[in-house]
Amino acid sequence: MPEPIPTDRVEQASPHASPNPAVNETVTRQPNCRRTPSWALLEFFGSMNLAITLLVVVAVASAIGTVLQQNQPYPDYLLKFGPFWFEVFRRLGLYDVYGAGWFVAILAFLILSTSVCLYRQAPGMLREMVRFRTNVQVRSLRGFHQHAEWRLPDRDLDAVLGTVSELLRARGYRWRVHDGGDHRVVAAMKGRYNRFGYLFTHAAVVMIGIGGLLDGNLWLKLKEWRGEVVLETRDLAARDIPAVSRLAPGAVPAFRGNVMLPEGAAANFVFVRARDGFVLQDLPFAIELKDFQVAYYDTGQPKSFVSQVVIHDREHLGEQPMEATIRVNHPLSYRGYSIYQSDFGDGGSKLDLRAWPLTVARLEPTEVKGTVDSSLKVSGPTGPLTLELDDFRLFNLLPEPDAQSGERKFRNFGPSVGFKLRDAAGEAREYFNYMAPVQLEGRWFFISGMRARPGEPFTYLHIPADPSNSPERFLRFNARLRDSIWLRDFLARSAPASDESPEFRRDFERVRLSLVELFAQGGSAAVAERARAVVPAERLQEASALYLNILRDTLAQIFIEVLRTEGVEVEQAVGEREEAFFNDAVSALSALPAHASPFYLQLTGFQQVEASGLQVTHSGGVGVVYTGFSLLIIGVFIMFYTSHRRLWAWLAVEDGATRLLLAGTGNRRQAEFAREFASLRTMLERRLGPFEEEQSAPPTIPSPDTRLAADVGTR
Amino acid sequence: MAVTREAMLDQWEQPSFWRRLTVWDGLWVLLATTGSILLWWLYQSYMNGYEVAIQVGCTLALVAWGVYWKPARSFVLAVAALAVLALWRYGADYALRHSDFWLKYFLESQAAFMWMSALYVLATVAYFAALLGRSDFVGKTATALTWTATVMGSTGLLVRWRESYLLGVDIGHIPVSNLYEVFILFALVTALLYLFHENRSRTRAMGGFALLAISGTVAFLLWYTFDREAHHIQPLIPALQSYWMKIHVPANFIGYGAFALAAMLGVAYLLRSGAEARWPDGLLARVLPPLELLDEVMYRAIALGFAAFTIATILGALWAAEAWGGYWSWDPKETWALIVWLNYAAWLHLRLTKGWRGAAMAWWAVIGLLVTLFAFLGVNMFLSGLHSYGSL
Ligand code: HEM
């Protein structure tokens, strides 16, 4: 650390190491400087160095918690860091830094340090406010930055004293006169309430700190530590949660819990999350959600979230429940509990779904009905699957995919269904299908997203929509590729007429069939792989191109056949639209294997049931904290923008003349005080004549304050 | 005024606050309150009780500002006149911004911001030219440019406020709701704080440094406008639909602006003390602002910033208590506000109670700005949390 820079600090009445002890002794003096252990402890906790260190340490510690996202589900962390570091970080409490023991301890340290500082400083400050410092020496007064001396040969001491008092009164100073025998001292002061600034701010820091700690998770931690409460980590329904993981109303003075209520449902509890689990906090009343509504701007962005709730509370409301509206920024306060709109989701929307098979030759879809948050058994190609319906969204506002780069446009992609397909081993893939076809680059697609792991981005399958806005043409095309009997027959029928030998034609037909089958099973990647397996490396490129050409021609023939069965006029030529469709269809077919779904689940209808996420809080410390807030604001302004000013007039008769020494200091706002002192001096000069230029006083370096004062004083 | 300086000085009693007010002060008070009442009368249907209370508070603050610092009056009047002109040209038709001459080239918010940007950059150059060339005339020009830029920027913000309502009554909101808008606010606040100190300390030597921070902001704004198209008015998400935004955000930016000013003065301090050590007779050691002045203004800026930041953070906590369910959630933005605050608390303690001065404190002020910048920008860019709507 650099050395403290010695500066011209004579005027500053600081409680710490001031170069002018004569002025500040009342604040710095320790009442009893005996070196007892408790004294040493106080000295340590109240030391400025510790305080500044703690300020920086708390800042750095707080920063740690912002780098790593806090309170995420533990499996996410495990995935991110791997088992070893996951465990290390867990032990360090990095997933909930602000609730971790070490962090709370540092905060407590800062509070303690501030309290001790306050305890040690307050008496001095209060004394400073009432005590007029009459016990001063001429020498120390001359050491003040602001001072002036007069030698007044023909003036009577009492007359000068009178003039000085008059001036002090006019300027709002309070003063005491001390008769020192051969001299008199007038000790005056003004703005002593500046000292409240220190007391208020530092008391406020203590209050806010303590209130904040009490409103944190301290109580729950205490109960856990005493074994009265155990966190629940299983995914249980509220009624199945054991008593050790429940908190009765009033069991802790502060908590913050959440509950997701579907429309029409009610709850008299909330879940309080902690680390990797939660506890259930019972409420002394029940909240029923009558209706939840989201309103949107024309652009599709959400405009408001509104819950209509009914509070049931026999004890306090009787049979007549209370109705209320909760919106973001407009919580409901009830019996010291606050209820907030914090989230929303699906409350079991009823969905009509159509499952189009993708991996078999069949075209007929299966109609399915389901509700969000329920699951169905379905059969898959390699065994039974569970279809878990997770999510329904009415709106999907996303950045415009066709926008120019940098352009900020959004598009509403309409309703969607989110679901998982879980196999017997428990492995799940997550899907996200939009209901309506989406226009991209002028063409329409049914979009289905898939990801194999939570947290990964979705990869999307784009199924081209046919002219009747249905996926059917694509699905018919797909089904044809998987119908080997039909394929065989078709390939035989459609083989190009040529004079090649029948053996060659048979071989060629076999190649075409196996290429189509390969493609249907594994996409273009499988075809390329097969080429690599059977063709020597030097001919690979040529052969692959040949394979792909044959495949493409064959697929095109099949596609034309599909169009024909649809009744599309294709005898002359295939239109541009159909050609684009064919290209899109081939891309989609090639991506199908990686999509790994045995069916395409189309959302055909829905009846939305919304759920509102409510947060219920109770904070016992809020009164203390808010009082602290007010004190802090008042205190900071008093401290910065007022100043405790002291003036001394030292009067004595020397060689028949009256000597007047005027000196002063302020503990803040030096520039302003310098200006004030200059004006006082000028006024005295008008009454008493010019003051003496300095002789005995040490030469004063022009300080910023006087320089500024001179600047400002001339305006 | 009939009172001479002599006579004033001869008065024993300092004239009371009321006696020191002049006719001009009275006129100012009258004008400001009338303007405010007129505004209320015009737009009361958009305001709830809290907002009326905020308006009353702002009016009082405006009146006090003008009485305390006279140049503020001409500034406010110029901004008001231009804003009224713009409102008049607009009427109720937002599309006029493409066709009306005044709107298209001067007063439409985007046009006004472009003027502001250009003028601030010119002012920066002019301040440095005045400093190195020791030209009083160029210095005066720099001051005029800065004032004009600030008038244009402030007008632009007011006009943008109105424009958001022209876009749709349900879209209308005060333009402090996203990073683009608050960056403009930041430039304006920094400029006003600087102009105050320029006026009080009667030297323009600090101007280039203060304006450098503003030019940096302008560069960011231009990139943000042209590369990211961030200047479009967006509707407010539900979390921001609160009267708290009107006071929380501006209070924060008084803090940010003051800290930025302090940091730039810190840079000037380091340059000057370096120049004094190396080339005591060189140009830099002569023309750069004196160390004591820099130290003093730096302290005053940090003190103001600390006070404003204290209020802003507390207002934020009160808002959080209403919107998020608790006055403190350790959200990254909140946490960084606390870090900034603790950092400057440490700075103030070092200066006041340990008497530190000089290069160490200047360095700290500069680093303090980096911390502040992270709280203001970095959090939005790199960390996710409840404040995520402020993202780039
Ligand atoms: C979060 C904690 C704290 C905050 C926010 C805080 C804030 C402040 C502020 C803003 C000032 C005024 C500085 C100035 O006028 O330039 C100040 C002064 C002071 N602080 Fe702190 N402080 C804190 C903790 C402490 C602690 C722990 C101590 C004890 C070692 C302490 C001792 C002092 C003293 C002695 C003064 C000077 C008072 C005077 O001379 O009027 N502070 N504090």
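What you see is a predicted model; the values in this text were computed from it and never measured.

Cut-offs applied
Residues numbered from 1 in each chain as written. Chains lettered and ligands numbered in written order. Predicted model: local features only at pLDDT ≥ 70, side-chain atom pairs only at ≥ 80, totals over all residues. Heavy atoms only, no water. Axes fitted to C-alpha atoms, helices over the stretch in contact; angles between N-to-C directions. Helix = DSSP H or I, 4+ residues; strand = E, 2+ residues; numbered from the N terminus. Parallel < 35°, antiparallel > 145°, perpendicular 65-115°, else oblique. Left-handed = near helix turned anticlockwise from the far one by under 90°. Contact = heavy atoms within 4.5 Å. Nonpolar A, V, L, I, M, F, W, Y, C, P; charged D, E, K, R; others polar. Salt bridge = Lys/Arg side-chain N within 4 Å of Asp/Glu carboxyl O. Buried < 20%, exposed > 50% of the residue type's maximum accessible area, 1.4 Å probe, protein only. Near = heavy atom within 4 Å. Polar contact = N/O pair within 3.5 Å; in protein donor to acceptor, adjacent residues only side chain to side chain. Domains from an automatic or database assignment. Buried area = accessible area lost by both parts, 1.4 Å probe.

What is the right way to look at the packing of helix α11 (residues 472–481) of chain A against helix α15 (residues 576–595) of chain A in this model?
For any two helices packed against each other, one specifies the crossing angle of their axes together with the interaxial distance. All names here are of chain A. At a minimum axis separation of 11 Å, α11 and α15 run at an interaxial angle of 55 degrees. With respect to α15, the axis of α11 lies oblique. As for how α11 packs across α15, the hand of that crossing is right-handed. Along its contact with α11, which presents Arg-473, Phe-474, Phe-477, Asn-478 and Leu-481, the element α15 presents Glu-578, Phe-581, Phe-582, Ala-585, Ala-588, Leu-589 and Leu-592. Considering only residue class, the contact of α11 with α15 consists of 9 nonpolar, 1 polar and 2 charged.

Sorry, what's going on with the pattern of salt bridges here?
A side chain with one charge can pair with a side chain of the opposite charge if their charged atoms come near. With the rule as written, the count across this model stands at 49 salt bridges over all chains. Among the ionic pairs, Arg-275 of chain A bridges to Glu-224 of chain A, the shortest N-O distance being 2.8 Å. Placement of Arg-275 of chain A in the loop between β6 (266–274) and β7 (277–296) and of Glu-224 of chain A in helix α9 (residues 218–225) is noted, with a sequence separation of 51 residues between them. For Arg-275 of chain A, a relative accessible area of 36% corresponds to the partly exposed category. Given the relative accessible area of 22%, Glu-224 of chain A is considered partly exposed. A salt bridge links Asp-25 of chain B to Arg-73 of chain B; its shortest N-O distance comes to 2.1 Å. Residue Asp-25 of chain B is found in helix α3 (residues 23–43), and its partner Arg-73 of chain B is found in helix α5 (residues 71–90); the two are separated by 48 residues along the sequence. Like Arg-73 of chain B, Asp-25 of chain B is buried.

Would you mind showing me how to read the site of the ligand here?
Close to the ligand lie 25 residues, the nearest being Cys-117, His-202 and Arg-668 of chain A together with Tyr-299 and His-349 of chain B. Looking at what sits near the ligand, you find residues from chains A and B. Within the side chain of His-202 of chain A, a nitrogen or oxygen atom sits 2.6 Å from a nitrogen atom of the ligand. Secondary-structure elements contributing two or more residues to the shell around the ligand are α3 (48–67), α5 (101–130), α8 (194–215) and α16 (622–641) of chain A together with α13 (291–323) and α14 (332–352) of chain B. Considering every element that reaches the shell around the ligand, the biggest residue donor is α14 of chain B, with 5 residues. By residue class, the composition of the shell around the ligand is 16 nonpolar, 8 polar and 1 charged.

Can you help me understand the domain arrangement of chain A in this one?
Interface size is commonly expressed as the accessible area that is lost once the parts come together. Residues and elements named next belong to chain A. You can read the domains of chain A as domain 1 (10–132 + 702–715), domain 2 (144–193 + 643–696), domain 3 (218–251 + 254–347 + 611–619) and domain 4 (351–608). Listed as interface residues are 4 residues of domain 1 and, on the opposing side, 5 residues of domain 3. In this assembly, domain 1 packs against domain 3 so that about 440 Å² is buried in total across both faces, 52% of it on carbon and sulfur atoms. When the buried surface of domain 1 facing domain 3 is broken down by residue, Asn-71, Tyr-74 and Gly-99 rank first, second and third, together holding 70% of it. Here domain 1 is connected to domain 3 by 0 salt bridges. Between domain 1 and domain 3 we count 2 residue pairs in polar contact (both at pLDDT 80 or more) in total. Tallied by class, residues from the side of domain 1 that touches domain 3 come to 2 nonpolar, 2 polar and no charged.

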